[in-house]
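Topology and contacts: notes
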Amino acid sequence: MKMYLNKYSRSFLAGMLLLVAASCKKEYTDPSGPAADAAVSTPNALTDVAVGLQNWYTANRTSTLYTSIATASLLTRGTYVVNAGNADEGQLYAGAAAVQNTNAVVTGMWAVSNKIIFDANRVLNAASSVITEPGYASGVIAYASMYKALALGNLAMFWTHVPDTIGVNVPFITSQEGYRKAVRVIDNALTVVNANAISAGFKANIPAGVDIVNTLYALKARYALFAGDYDVALAAANQVTAYSTFNYNSLITNPIFTLVTATNNIYQVVDSAMGLPVGLQPDLADKRVPFYVGIGANPRFRVKGFFTTTTQSIPVYLPGEITLIKAECYARKDDLVNGLVELNKVVTKQPAADPFGVGAGLPAEVAVTKDQLLELIYKHRHIELFMSGLELEDQRRFGRPVAERKRSWLPFPFVERNDNTNIPDDPTF
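Residues numbered from 1 in each chain as written. Predicted model: local features only at pLDDT ≥ 70, side-chain atom pairs only at ≥ 80, totals over all residues. Heavy atoms only, no water.

1. Here we look at the packing of helix H15 (residues 336-347) against helix H16 (residues 370-384)
Helix-helix packing is described using two parameters, namely the angle between the two axes and the distance between the axes. As a packed pair, H15 and H16 sit with axes 11 Å apart at the nearest point and diverge in direction by 25 degrees. With respect to H16, the element H15 is oriented roughly parallel. As for the relative orientation of H15 and H16, their crossing is left-handed in sense. Taken together, the residues of H16 that come into contact with H15 (itself represented by Leu-336, Gly-339, Leu-340, Leu-343, Val-346 and Val-347) are Lys-370, Leu-373, Leu-376, Ile-377, His-380 and Glu-384. Of the residues belonging to the contact of H15 with H16, the class tally is eight nonpolar, two polar and two charged. (Axes fitted to C-alpha atoms, helices over the stretch in contact; angles between N-to-C directions. Helix = DSSP H or I, 4+ residues; strand = E, 2+ residues; numbered from the N terminus. Parallel < 35°, antiparallel > 145°, perpendicular 65-115°, else oblique. Left-handed = near helix turned anticlockwise from the far one by under 90°. Contact = heavy atoms within 4.5 Å. Nonpolar A, V, L, I, M, F, W, Y, C, P; charged D, E, K, R; others polar.)

The structure is reproduced here in structure tokens:
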């Protein structure tokens, strides 16, 4: 699979063996643990399952965070594989037909995302009957819904179709329907939270850094935008007033730093163009470039941004993403004036004005037509959200030439295809 072996690669291999065995039927039981019913039969047990979703999503090489960032950046030419021994990332870097149905990164993203949905469903199905305190129940429901929406959204970003449910021989829905399903999951959570505010007792159980309600609105804005529901996306973006991070510590470390930046063994940034073509490449004065791309001797360009220390937090979403969602919604609704206003909030922002230090510090852009404005929004999304895992969806949505990417969609893993007669055909590119 790869030559770099440490505690993370060993856990990756062990985890993949378990997940591959389970992912065909999407029945994620642990023979060494409690029975499935017992695992969600008490408030504490439900809380443990819900809180554990963050670890699945964010920790180690098995995480959806690692696999989505690696896949999107490699397929959109922002990064390259340093060591050919990393065969699975190497397939993604080669792209097209080189990406096999057995690719461990692809299979891992599929399996872990479905595992998150499976566990979130268990929590959501049991919470109302098991937890009697309304504010605590709303917290459990909202938190599990947040990760279910993230998992659904990630599947929809990389596959033409996604499973409609969890079980045996499940049917599939389109990627666009997957985004809308993620929004419905979020809407249900917001309804519950608006009826009963999340209790302090539940908030004390979750990892620091996550503002649940603001994250739900931010994800609703993201996935409604991807689904083309611009009024819904704009309204949700206008509700976001605070920001969330995935936090790390000495035991659960920032996976991109630990596996990529620190080792210089798997992949690195191609150059300061950040994968953008001539005509859209960053301005030489753009302060986001030195934020995201380190300059050194060997290699010349290095991963930087939110991946520079063992315990560095990774934003769940950036302020700039929310502003650019507003800009794109206005632009696609033919309101070029407000679209340009929102875009230029990002373009002219100084790093010191951003809670995460992401700022271009450039003069305002000028756009006369809708196409010009959308192209500028695409450019600044790519720079502002570099290595966020969103790049591939952006390239498709903005109709960028296929030459700018190495695949548009991923093939379906054999662990699913071999056991599900409903699975769609693999995309040709």
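2. Brief notes about helix H7 (residues 134-158)
Counted at 1.5 Å a residue, the expected span for H7 with its 25 residues is 36 Å, and the 36 Å between its end C-alpha atoms agrees. Sitting at the head of H7, Glu-133 places a side-chain oxygen 3.0 Å from the backbone nitrogen of Gly-135. (Expected span 1.5 Å × (residues − 1). Polar contact = N/O pair within 3.5 Å; in protein donor to acceptor, adjacent residues only side chain to side chain.)

3. A word on the pattern of salt bridges
Scanning the model with the defined rule gives 23 salt bridges in all. Notably, a salt bridge pairs Glu-393 with Arg-396, separated by 2.9 Å at the nearest N-O pair. With Glu-393 and Arg-396 both in helix H17 (residues 391-397) and three residues apart, the pair spans about one turn of that helix. Look at the salt bridges and you will find they share partners, linking Glu-328, Arg-332, Arg-381, Glu-393, Asp-394, Arg-396 and Arg-397 into a network. (Salt bridge = Lys/Arg side-chain N within 4 Å of Asp/Glu carboxyl O.)

4. Notes on the packing of helix H3 (residues 43-58) against helix H6 (residues 104-130)
Two elements in contact, H3 and H6, have axes whose closest approach is 10 Å; the angle formed by their N-to-C orientations is 155 degrees. When the axis of H3 is compared with that of H6, the two are roughly antiparallel. Viewed along their axes, H3 and H6 form a crossing whose handedness is left-handed. Contacts between H3 and H6 pair Pro-43, Leu-46, Val-49, Ala-50, Leu-53, Trp-56 and Tyr-57 from the former with Val-112, Lys-115, Ile-116, Asp-119, Ala-120, Arg-122, Val-123, Ala-126, Ala-127 and Val-130 from the latter. Tallied by class, residues from the contact of H3 with H6 come to 14 nonpolar, no polar and three charged.

5. A word on the confidence of the model for the protein chain
Per-residue pLDDT for the protein chain has a mean of 93; in total, 91% of the residues score no lower than 70. Below a pLDDT of 50 lies the segment residues 1-24, which in the model reaches 48 contacts outside its immediate sequence neighbourhood of four places, other chains included. (pLDDT = per-residue confidence, 0-100.)

6. Digging into unusual backbone geometry
Omega for the peptide link from Asn-298 to Pro-299 comes to 0 degrees, which places this bond in the cis form. A positive phi angle, close to 50 degrees, is found at Asn-169, a residue other than glycine. For Asn-169, the location among the structural elements is in the loop between strand E2 (161-163) and strand E3 (172-174). Overall, Asn-169 belongs to the partly exposed group, its relative accessible area being 31%. Here the phi dihedral of Met-387 falls at roughly 55 degrees; this positive angle occurs in a residue that is not glycine. (Buried < 20%, exposed > 50% of the residue type's maximum accessible area, 1.4 Å probe, protein only.)

7. Details of the packing of aromatic side chains
One pair of aromatic rings is described through two measures. These are the centre distance and the angle between the planes. On inspection of all chains with the given rule, the structure shows 21 aromatic pairs. Their ring planes at 20 degrees and their centres at 6.3 Å tell us that Trp-110 and Phe-172 sit as a pair that is stacked. Of the two residues, Trp-110 sits in helix H6 while Phe-172 sits in strand E3, which places them 62 residues apart along the sequence. By relative accessible area, which is 0% here, Trp-110 ends up buried. Taken together, the aromatic side chains of Tyr-57, Tyr-136, Tyr-143, Tyr-147, Phe-202 and Phe-246 make up a single cluster linked through ring pairs. Positioned above the aromatic ring of Phe-398, the side-chain terminus of Arg-332 is 4.8 Å from the ring centre. In this structure, Arg-396 is placed above the aromatic ring of Trp-409, and the distance from its NZ or CZ to the ring centre is 3.5 Å. (Phe/Tyr/Trp six-rings, centres within 6.5 Å; stacked < 30°, edge-to-face > 60°. Lys NZ or Arg CZ within 6 Å of the ring centre and 35° of its normal.)

8. A short note on the environment of Ala-221
The topology assignment puts Ala-221 in helix H10 (residues 212-226). As for Ala-221 and Cys-329, which are separated by 108 residues in sequence, their C-alpha atoms are 9.9 Å apart.

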